[in-house]
Each structure stands twice: as structure tokens, then as C-alpha cells.
Amino acid sequence: MKVFDNTTKNIFLASWVSIDREQESEANETQQQNPNAKPKWDIFKPLRVWVNNIQVSDRQFAHRICKLIPAQCPFERDVKLFGRTLFHIPPMCKLNPLYEEVVGLRFRGLCYLADECGEDISQYC
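Parameters at a glance
Residues numbered from 1 in each chain as written. Predicted model: local features only at pLDDT ≥ 70, side-chain atom pairs only at ≥ 80, totals over all residues. Heavy atoms only, no water. Helix = DSSP H or I, 4+ residues; strand = E, 2+ residues; numbered from the N terminus. Buried < 20%, exposed > 50% of the residue type's maximum accessible area, 1.4 Å probe, protein only. Contact = heavy atoms within 4.5 Å. Areas by Shrake-Rupley, 256 points an atom, 1.4 Å probe, with all protein chains shown as cover. Pairing = 2+ DSSP bridges. Disulfide = S-S within 2.5 Å. pLDDT = per-residue confidence, 0-100. Axes fitted to C-alpha atoms, helices over the stretch in contact; angles between N-to-C directions. Parallel < 35°, antiparallel > 145°, perpendicular 65-115°, else oblique. Left-handed = near helix turned anticlockwise from the far one by under 90°. Nonpolar A, V, L, I, M, F, W, Y, C, P; charged D, E, K, R; others polar. Core = buried A, V, L, I, M, F, W, Y, C linked by side-chain atoms within 4.5 Å.

### Notes on the overall build of the chain
Link 1 in the chain: Looking only at helices and strands, one finds 5 helices and 2 strands in the chain.
Link 2 in the chain: Tracing the chain from N to C terminus, the helices and strands come up as α-α-α-α-β-β-α.
Link 3 in the chain: For the chain, the proportion of its 125 residues judged to be buried stands at 16%.
Link 4 in the chain: Sequence-distant contacts, at least 24 apart, represent 55% of the contacts inside the chain between residues at least 6 apart.
Link 5 in the chain: On the chain, roughly 11,100 Å² of surface is accessible, and the fraction owed to carbon and sulfur atoms is 57%.

### Some details on the pairing of strand β1 (residues 77–81)
Link 1 in the chain: As defined by bridge partners, β1 adjoins strand β2 (residues 84–89) across 5 bridges and the pair is classed as antiparallel. Bridging from a neighbouring strand, R77 pairs with I89 of β2.
Link 2 in the chain: Connecting β1 to the antiparallel partner β2 that follows it, the hairpin turn spans 2 residues, and F82 within it adopts a positive phi of roughly 55°.

### Focus on the state of the cysteines
Link 1 in the chain: Under the counting rule described, the total for this entry stands at 1 disulfide.
Link 2 in the chain: Between the sulfur atoms of C73 and its disulfide partner C93 the distance amounts to 2.4 Å. For the disulfide bridge between C73 and C93, the dihedral angle about the S-S bond is near 85°, and by the sign convention the bridge is right-handed. Note that C73 is positioned in the loop between α4 (59–68) and β1 and C93 in the loop between β2 and α5 (99–116), a separation of 20 residues in sequence.
Link 3 in the chain: Overall, C73 belongs to the buried group, its relative accessible area being 17%.
Link 4 in the chain: With a relative accessible area of 16%, C93 lands in the buried category.

### Comments concerning the confidence of the model for the chain
Link 1 in the chain: Mean pLDDT over the chain works out to 77, with 69% of the residues at or above the 70 mark.
Link 2 in the chain: When the criterion is pLDDT under 50, residues 9–16 qualifies, and its contacts beyond four places in sequence or with other chains add up to 0 contacts.

### Notes on the side chain of H63
Link 1 in the chain: The topology assignment puts H63 in helix α4.
Link 2 in the chain: With residues near it in sequence (within four places) discarded, H63 still touches L113, E119, Q123 and Y124.

### Considering the packing of α4 against α5
Link 1 in the chain: Across the interface, α4 lies against α5 with an axial gap of 9 Å and an inter-helix angle of 135°. Here α4 lies oblique to α5, going by the angle between them. When the axes of α4 and α5 are compared, the crossing they make is left-handed. When α4 is examined against α5, the residues R59, A62, H63, I65 and C66 are found in contact with a partner set consisting of L105, R106, G109, L110, Y112 and L113.
Link 2 in the chain: Of the residues that constitute the contact of α4 with α5, the class distribution is 7 nonpolar, 2 polar and 2 charged.

### Thoughts on the nonpolar core
Link 1 in the chain: With 12 residues, the main nonpolar core is built from V51, I54, V56, A62, I65, C66, I69, L105, L110, Y112, L113 and Y124.
Link 2 in the chain: Elements with a minimum of two residues in this core: α4 and α5.
Link 3 in the chain: Those residues in contact with I54 that sit more than four places away from it in its chain are F61, L105 and R108.

Given below as C-alpha cells:
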């Protein structure tokens, strides 16, 4: 008898997880019955959709986007006095509700310049 034959079957069966449909539906019902659950209203959703639908198809527009949107958060700073760091101001850009969409737009602009126009984008990095 080979050890390999028995262990691979046991490991293979142990790694599978099955979810019972009844348990799944019960979990959904308990989530729906929770009176403290608040519906999520995203007032920025139209703006997010609008920014995500902006197509970058013009070279000048892509350059303008890459110049206007910074590569790093401009608010992050180390406050130093006499060569010693007093405190650090963390990046606050992620508090912006449209941060991911704006960064994605900049990335689409960079990709357009690099892939379609064949330009060097190292000046924007």
C-alpha cells in the first residue's frame, strides 16, 4: 500500500467546502430581518459612474488628465524641525469618495499615452 494514494484523497476531500442551500437561505433571511440594518444610499454613485465612463481617446486630453491628477497624495507630509521629524501627516486622499475613480481615470490616461500614442510617460510618474 502506498501512502500517497491515501493521503491525496483525504487532503482533496478535506479541502472542499460545501454550502447547504437551506443554510444559505436562512442566513439571507436573518440579514433581512435585522431591524438595525440600514439601506446603503450612495449619493456619489452618479458621479462615480460618470467618471468611470469617461473615455480617454484624445492625446491632449490624456496629457491634461495626467498633469492635473497627482501621482501621490499632495497632503502627505513629514513635519521636521532641526532635522528631526516632529510628526507625520497621513495621506488624506483616500477620504475622498471619488478617489478610486479619479486614480482609475489617471491610469486610463497613462495607458492611452503609452499604448496608443507610444509616448514616454516617465514624466508623470
